[in-house]
Structure formats: structure tokens, C-alpha cells
Amino acid sequence: MRFQPIIESFTTGEISPLLLGRVSTDQYSAGCKTMENAIPEAHGGFKRRPGSVFVSEVKDSTKSTRLIPFNISRDESYILELGDLYMRFYTNHGQIQSGGSAYEITTPWGQNDLFDIHFAQANDIMYMVHDKFNPRKLTHSGSTSWALSQPTLTGTPWNGNADNHADGFPRTVAFFEQRLWLGGTISKPNTLWGSKVGDFENFTIPGTANPDDPVEYTLATYTKDTLQWLAPAEVLFIGTTANEHRLAPNSYISVDNLPDITRQSSYGSRHIQPQYIGSKTVFVQGSGLQVRTFSINTRASVEVYDSINLAWLNEHITVGGIVDMSFEMIPDSILWSVRNDGTLLSMTYDPALGDTGFEGVGWARHPMDGNVESVATIYSSSKDETWVVVKRTINSVTKRYIEYLDSAKYTDSTLSYSGSSATTIGGLTHLEGKVLNILADGAVHPQKTVASGSITLDYAATAVDAGLPFTPKVIPVEVEGGIPSGVSQGLPKRWVQCKLRLHQSALPKVNGVRPADRTPASPMDAVEPLTTGDSQHYNLGHSENGQITIEQDLPVAMHVLAVFGHMTVSAGGQA
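Source: prediction; values computed, not measured.

1. Digging into the overall build of the chain
So, point 1. Summing up its helical and strand segments, the chain has 1 helix and 47 strands in all.
So, point 2. Against the compact-globule benchmark of 25 Å for 575 residues, the chain has a radius of gyration of 27 Å, which places it among compact chains.
So, point 3. Projected onto its principal axes, the C-alpha positions of the chain cover 85 × 65 × 35 Å.
So, point 4. By the burial criterion, 54% of the 575 residues in the chain qualify as buried.
So, point 5. Considering only residue pairs separated by 6 or more positions, the chain has 60% of its internal contacts joining residues 24 or more positions apart.
So, point 6. Entry remark: accessible area of the chain is about 23500 Å², with carbon and sulfur atoms responsible for 49%.

Structure (C-alpha cells):
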């Protein structure tokens with residue numbers, strides 16, 4: 001039998017293999033067996049993931065490095081490079097320098113401490129905590145004027161203790177209701193301290209307390225849970241090793257007017273700071289395998305908070321555990337996370353679309369030539385920017401590079417040249433010995449290998465992007481349909497012809513086939529324009545169960561909205 005199927009949504013992203021039998025669900029029909037180096041969109045289609053742009057090697061590539069965002073406004077934001085006993089700074093796509101060298105300040109944290117640091121920012125000040133170190137205050141007063149100090153937090157049980165004191169120091173921090181909140185020391189793992197209102201370093205509780213004076217609370221729990229994170233919203237969310245709580249003020253928090261602190265769920269958390277996606281607080285469950293929301297249930301008649309596992313449809317994709325994450329709101333609503341094995345993951349999720357018929361959570365994997373170790377997102381004037389630390393092997397030597405993602409780039413660790421017409425492109429020492437994909441004046445150029453920090457083009461160009469190749473690869477789930485008497489799963493199918501509906505996209509390969517990518521209307525000395533509309537027919541021949549693989553191995557745009565065409569299915573054993 002011959003029928004005309006359409007795949008109109010890829011919003012579920014790479015679906016769990018355990019769900020490949022749930023063919024009657026909307027999530028199955030919008031899912032893929034593979035979603036690699038491509039981003040599922042809330043609108044329904046998918047597009048090539050952004051490439052990355054090389055900024056700098058870290059100070060010491062032999063040691064772990066972490067990125068932290070410092071967002072002052074959409075017009076001023078910084079990336080902090082935290083390494084072994086130092087901090088460096090980045091803004092406007094570059095490293096901040098002073099006197100011709102990287103500007104840096106000293107810190108107390110060694111490389112093994114970096115990913116246990118939590119932070120809370122208010123304007124130009126950031127408080128940074130670790131349970132082995134006195135809290136620090138980072139103050140910004142100019143691009144080359146940063147100071148890291150040890151504030152005197154009066155009234156706290158650790159005030160005056162030296163770093164590495166046996167009682168420990170707070171492991172998490174947040175601002176809430178004009179107070180600085182600190183939580184979870186080694187000796188008091190489930191205790192919270194709130195500063196005096198508007199006086200963030202005053203924790204001294206007087207004999208006769210006023211409503212705005214400091215407070216101290218210990219969670220009443222069945223076990224001695226350790227605080228893992230604090231997340232301010234309409235209430236203060238509290239994550240521990242075993243439970244999730246919420247602290248809701250009874251009008252005004254004070255010593256005499258105790259807040260309502262109640263357990264809301266019992267999933268437990270990793271010591272990773274939550275991210276905020278719309279009205280949702282998103283945290284990593286203790287195993288690292290579940291990414292969960294924490295938000296109020298608006299349908300309930302009483303105040304109840306729900307926790308939903310956003311990776312339930314894609315449970316395989318977080319295996320190994322998540323170790324870092326950040327949220328990019330503009331232009332796409334994407335939670336970026338780093339898996340323990342160095343794989344970069346994305347989760348496309350916009351909770352505002354819930355109950356609209358367009359909701360969806362879509363996960364994808366983004367393998368690079370190297371391992372991603374940290375991710376952070378900062379604001380910019382028109383969109384958010386996501387930065388990564390990537391551990392790469394260059395000429396058999398370990399290198400750690402700081403790079404940012406850019407949707408206008410189609411290679412990784414990209415270097416761009418713009419200037420007078422040239423054939424020799426230098427400055428590529430960071431990719432010595434690597435085979436690069438190249439765009440020269442907008443056209444795909446043959447690959448070249450970096451030698452002595454440069455490549456030689458086959459022809460001169462004034463604008464060049466050169467970087468490490470990566471290939472987006474998408475395999476939709478098996479199409480269901482075409483048999484009036486029942487399901488067609490397991491029956492021989494094949495696409496006789498198929499088309500892709502594209503948006504500002506070059507022509508991808510389907511099952512290894514790429515249609516002619518030039519038309520008679522295009523001048524021979526001009527770059528073929530991107531396609532918006534339907535591609536030419538792909539004559540695919542036989543493919544078991546009608547499976548198709550969509551790939552783009554060239555450094556060009558790929559944006560697919562739908563797949564449709566003619567398919568045959570046979571109940572008699574042959575299509």
C-alpha cells in the first residue's frame with residue numbers, strides 16, 4: 001500500500017529507547033531515535049546547534065576550570081574563569097587584559113573545590129560560598145577592577161574561624177526578602193541563617209529582636225539532611241540531600257514571627273545550583289539522572305508544590321549524571337547541561353507553553369571533538385550567550401579552551417578572519433594538526449589541516465571561518481500508518497520519495513543522498529542561496545522500516561520544519 005505520511009514535529013527530541021513501543025502517543029510521533037548536534041524547537045522543527053568560537057586557553061590546561069556568570073544588566077555582563085587559586089574575566093567575546101596580560105585576582109579555592117562553590121549576586125556584588133572556606137565577597141567596580149574579600153559576618157557560628165575549620169562554613173547562598181541567606185555547614189548541615197534586612201553581613205540576633213533582625217532556623221526533618229541549594233521565588237525553595245522544602249513567610253519573617261517551613265517532596269538533590277525557567281525552579285536530583293521542576297500547582301485548591309522529572313521521556317540521555325548546567329532564555333528557551341562524560345546536552349523547554357497544545361520538552365546530545373567540563377550563560381543586548389570550557393587533545397597534548405556558542409558559526413573552536421583578500425590564514429595554533437572545515441566568502445571550501453598555526457586556501461578570500469567539524473544527525477522514529485487493519489510497526493516500509501520543508505537552510509543529506517545543491521538560476525561565481533520552502537525530491541530506494549537519517553556534513557545552515565512524501569508499506573512481507 002502507498003500512503004503519504006508527514007513528520008511535522010520533533011519537539012520530544014531524542015526519545016528513550018524504552019518508549020519506542022508507545023507509538024500511539026504524541027510524544028512518540030514527535031520523537032527521534034537520534035538527535036545529535038541538532039536542537040529540537042518548541043515550534044516543531046529542528047535546527048543545527050550553534051558552533052563555538054575560540055576565545056582563549058585557560059591559565060593552566062592541566063587543571064580543571066569552571067565558568068560562572070556575572071550579570072549586571074543586558075548591557076554589561078562577564079564570564080568568570082575560576083581555576084586553581086585564581087580568577088580571570090571575560091566580556092564582549094574577549095578576555096580582559098591589563099598591561100598586555102590576562103587580568104586576574106587570587107582566590108582560596110583549589111581545582112577540586114571549584115564545582116562546589118555556590119554564589120548569589122546583587123548588582124556589582126557576588127557572595128561565594130564553599131563549606132571548607134569562609135564566605136567570600138566579589139566586588140566589581142570596573143572591567144579591570146575586581147576585589148575578592150573575606151567579609152566579617154557577625155553573629156555566625158563560624159565567624160573568626162580559619163578556612164578548613166572542622167565545623168565548616170555555609171555550602172549554599174541566596175538573596176530572599178532583602179536578606180542574605182546562608183545554609184548548611186559541616187556541623188549544622190540543615191540550618192539556615194538569614195541576615196538583618198538590608199544589612200547582608202549582620203547575623204547577630206539581639207536579646208530583644210525587632211522584625212528586621214537576623215534569624216536562624218533548623219529544618220525539622222526525619223533525617224539529618226544536608227542543605228544542597230537555596231532558590232528564591234515567591235517563597236524560598238530549599239533543596240536537601242533527601243527532601244525539598246519551601247519557606248513561606250507568615251507576613252514578615254522575624255524571630256517572633258516564624259515562617260512556615262514545610263517539606264514538599266522527597267526526591268533529594270545534587271549540590272548544583274538550580275536554574276530558573278519562567279516560573280519554574282529546575283534542579284538536579286541526587287543521582288544526577290533526573291532534572292526536575294519545583295513549582296506551585298496552580299490547579300490545587302491549597303498551596304501544593306509539584307516536582308516533575310523533565311527527563312522522563314529521555315531517561316537514557318542523562319546516564320552518567322549531570323555535573324553543571326545553565327539556562328539560555330533568548331532566542332531559544334534552552335537548558336544547557338554537562339554530563340559526567342563530557343557530553344554537552346540541551347533541553348528545549350518553555351513552561352509558558354503548557355496547556356496550549358504546543359508544550360514539549362526536547363532533549364538532544366551535542367558531542368564535540370573533546371569533552372565539555374563547564375557551561376555558563378550570560379546576558380547580552382539582544383540575546384543570551386552560552387560559554388563552555390572544552391577539554392581537547394591537540395597534538396597529543398591536553399588543552400582546555402574557553403569558547404562561546406554562536407548560531408552563525410558552523411564549526412567548533414572557530415577562528416574568523418576578515419580583511420584584505422588572503423590565501424594564508426594564521427592564528428590557528430590552538431588547532432595545530434587538526435583537519436578543519438572552512439567557509440570562505442560564504443562558500444564551502446575543501447578541508448585543510450593546520451600546520452605551524454595556519455592553513456593555506458585554494459583561493460583568496462576576504463572572510464573566512466575555520467574550525468573543527470561537527471555533523472548534525474537526526475533519525476526520526478519509525479512512521480506509523482498506512483494499514484487500515486492495524487498498526488504498521490515491524491512491516492516493511494520504504495520512502496519512495498520524500499521532501500524536507502526547510503527554513504533558511506542548505507540542503508541536508510537524507511540516507512546519505514544529497515540532491516543537486518545548485519540551480520541553473522544561480523550564477524557560477526555566487527553562493528547558492530539558502531532554501532525556504534520544500535526541497536527537491538529525495539529518491540531513497542529501500543530502507544528497512546522506512547527509517548531515514550538526516551545529516552549535514554558541510555559547514556552550512558540546517559533548519560528542518562517537516563518531512564513528508566510517498567511511502568509504501570506491505571502487510572504481505574514486501575514493500
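2. Regarding the layout of surface pockets
So, point 1. Its boundaries defined by the atoms lining it, the second largest pocket holds a volume of some 950 Å³.
So, point 2. Lining the second largest pocket we find 37 residues, and of these Pro69, Phe119, Pro274, Gln275 and Tyr276 sit closest to its centre.
So, point 3. For the lining of the second largest pocket, the elements supplying multiple residues, two or more each, are strand E8 (66-73), strand E15 (118-122), strand E19 (172-176), strand E23 (227-232), strand E27 (275-277), strand E31 (322-328) and strand E35 (371-379).
So, point 4. Take the lining of the second largest pocket: its biggest share by element is 6 residues, from E8.
So, point 5. In terms of residue class, the lining of the second largest pocket is built from 24 nonpolar, 9 polar and 4 charged.

3. Structural notes on the side chain of Thr377
So, point 1. Looking at the secondary structure, you find Thr377 in strand E35.
So, point 2. Thr377 gets classed as buried once you look at its relative accessible area, which sits at 8%.
So, point 3. Only 2.8 Å separates the side chain of Thr377 from the side chain of Ser326, close enough to count as a polar contact.
So, point 4. Among the polar contacts listed, one links the side chain of Thr377 to the side chain of Thr386, at a separation of 3.0 Å.
So, point 5. Beyond its immediate sequence surroundings of up to four residues, Thr377 is in contact with Pro69, Asn71, Ser326, Phe327, Glu328, Asp384, Glu385 and Thr386.

4. What to know about the sheet that holds E19
So, point 1. The 4 strands are arranged E19-E20-E21-E22 in an open sheet whose pairing can be described as antiparallel. At either end of the open sheet lies a strand with only one pairing partner, and these are E19 and strand E22 (215-218). Across this sheet, the average inter-strand angle for adjacent strands is 20°, counted without regard to direction.
So, point 2. Both strand E20 (residues 179-183) and strand E21 (residues 191-194) contribute to a ladder of 3 bridges, which runs antiparallel. By the bridge assignment, Leu182 is partnered in E21 with Trp193.

5. Considerations on the pattern of salt bridges
So, point 1. As enumerated under the stated definition, the model contains 27 salt bridges in all.
So, point 2. Shared partners join several salt bridges into a network, and the residues in it are Glu14, Glu36 and Arg365.

6. As for the packing of aromatic side chains
So, point 1. Per the counting criterion, the structure on display carries 15 aromatic pairs.
So, point 2. Geometrically, the ring pair formed by Phe89 and Tyr103 is tilted, given 5.6 Å between the ring centres and 40° between the ring planes. Taken together, the residues span a long stretch of sequence, with Phe89 in strand E10 (residues 86-91) and Tyr103 in the loop between strand E13 (101-102) and strand E14 (104-106) at a distance of 14 residues.
So, point 3. Among the aromatic residues, ring-to-ring pairing joins Phe70, Tyr78, Phe89, Tyr103 and Trp146 into one connected group.
So, point 4. Stacked on the ring of Phe470, the Lys or Arg Arg48 has its end atom at 4.5 Å from the ring centre.
So, point 5. Over the face of the ring belonging to Tyr267 we find Arg292, whose NZ or CZ atom lies 3.4 Å from the ring centre.

7. Here's the deal with the nonpolar core
So, point 1. Met35, Phe46, Trp495, Leu500, Val510, Ile550 and Val563 are the most contacted members of the largest nonpolar core, which totals 26 residues.
So, point 2. If we skip the residues at most four places from it in the chain, Ile550 touches Phe46, Pro472, Lys473, Val474, Leu500, Pro508, Lys509, Val510, Met558 and Val563.
So, point 3. Phe70, Phe89, Met126 and Leu138 belong to the second largest nonpolar core, which has 19 residues in total.

8. A word on the pairing of strand E7 (residues 51-57)
So, point 1. Of all the 7 residues making up E7, 5 are buried; the element is thus mostly covered by neighbouring parts of the structure.
So, point 2. Bridge analysis of E7 against strand E37 (residues 397-406) gives 6 bridges, and the strand direction is antiparallel. Each bridged residue has a counterpart across the sheet, and for Phe54 the counterpart in E37 is Glu403.

9. Quick look at the side chain of Arg365
So, point 1. Looking at the secondary structure, you find Arg365 in strand E34 (residues 361-366).
So, point 2. Side chain to side chain, Arg365 and Glu36 meet in a polar contact 3.2 Å long.
So, point 3. Arg365 has contacts with Glu14, Thr34, Met35, Glu36, Asn37, Ile317, Arg339, Thr343, Leu344 and Leu345, leaving out every residue within four places of it along the chain.

10. Some details on the pairing of strand E41 (residues 455-468)
So, point 1. Examined bridge by bridge, strand E38 (residues 412-425) and E41 share 8 bridges and lie antiparallel to one another. Residue Ser418 lies in a different strand from E41, and its bridge partner there is Ala463.
So, point 2. The pairing of strand E39 (residues 435-440) with E41 spans 4 bridges and is classified as antiparallel. Within E41, the residue paired with Ile438 across the bridge is Ala466.

11. Notes on the environment of Gly268
So, point 1. The topology assignment puts Gly268 in the loop between strand E26 (260-265) and E27.
So, point 2. Measuring from C-alpha to C-alpha, the distance between Gly268 and Pro69 comes to 26 Å, with 199 residues separating the pair along the chain.
So, point 3. Among all residues touching Gly268, those that are not within four sequence positions of it are Thr240, Thr241, Ala242, Asn243, Glu244, Phe283, Val284, Gln285 and Gly286.

12. Description of the sheet that holds E15
So, point 1. Judged by pairing direction, the sheet is antiparallel, and its 4 strands sit side by side in the order E15-E16-E17-E18 without closing on themselves. Only two strands of the sheet have a single partner each, and these edge strands are E15 and strand E18 (145-149). Sheet twist, expressed as the average angle between the axes of neighbouring strands with direction ignored, equals 20°.

Criteria and cut-off values
Residues numbered from 1 in each chain as written. Predicted model: local features only at pLDDT ≥ 70, side-chain atom pairs only at ≥ 80, totals over all residues. Heavy atoms only, no water. Helix = DSSP H or I, 4+ residues; strand = E, 2+ residues; numbered from the N terminus. Rg over C-alpha atoms; globule rule 2.2 N^0.38 Å. Buried < 20%, exposed > 50% of the residue type's maximum accessible area, 1.4 Å probe, protein only. Contact = heavy atoms within 4.5 Å. Areas by Shrake-Rupley, 256 points an atom, 1.4 Å probe, with all protein chains shown as cover. 1 Å grid on protein atoms, 1.4 Å probe; cavity = no way out; pocket = protein on both sides within 12 Å on 5 of 7 lines; lining within 4 Å. Points joined across faces, edges and corners; volume = space filled by probe spheres on them. Nonpolar A, V, L, I, M, F, W, Y, C, P; charged D, E, K, R; others polar. Polar contact = N/O pair within 3.5 Å; in protein donor to acceptor, adjacent residues only side chain to side chain. Pairing = 2+ DSSP bridges. Axes fitted to C-alpha atoms, helices over the stretch in contact; angles between N-to-C directions. Salt bridge = Lys/Arg side-chain N within 4 Å of Asp/Glu carboxyl O. Phe/Tyr/Trp six-rings, centres within 6.5 Å; stacked < 30°, edge-to-face > 60°. Lys NZ or Arg CZ within 6 Å of the ring centre and 35° of its normal. Core = buried A, V, L, I, M, F, W, Y, C linked by side-chain atoms within 4.5 Å.

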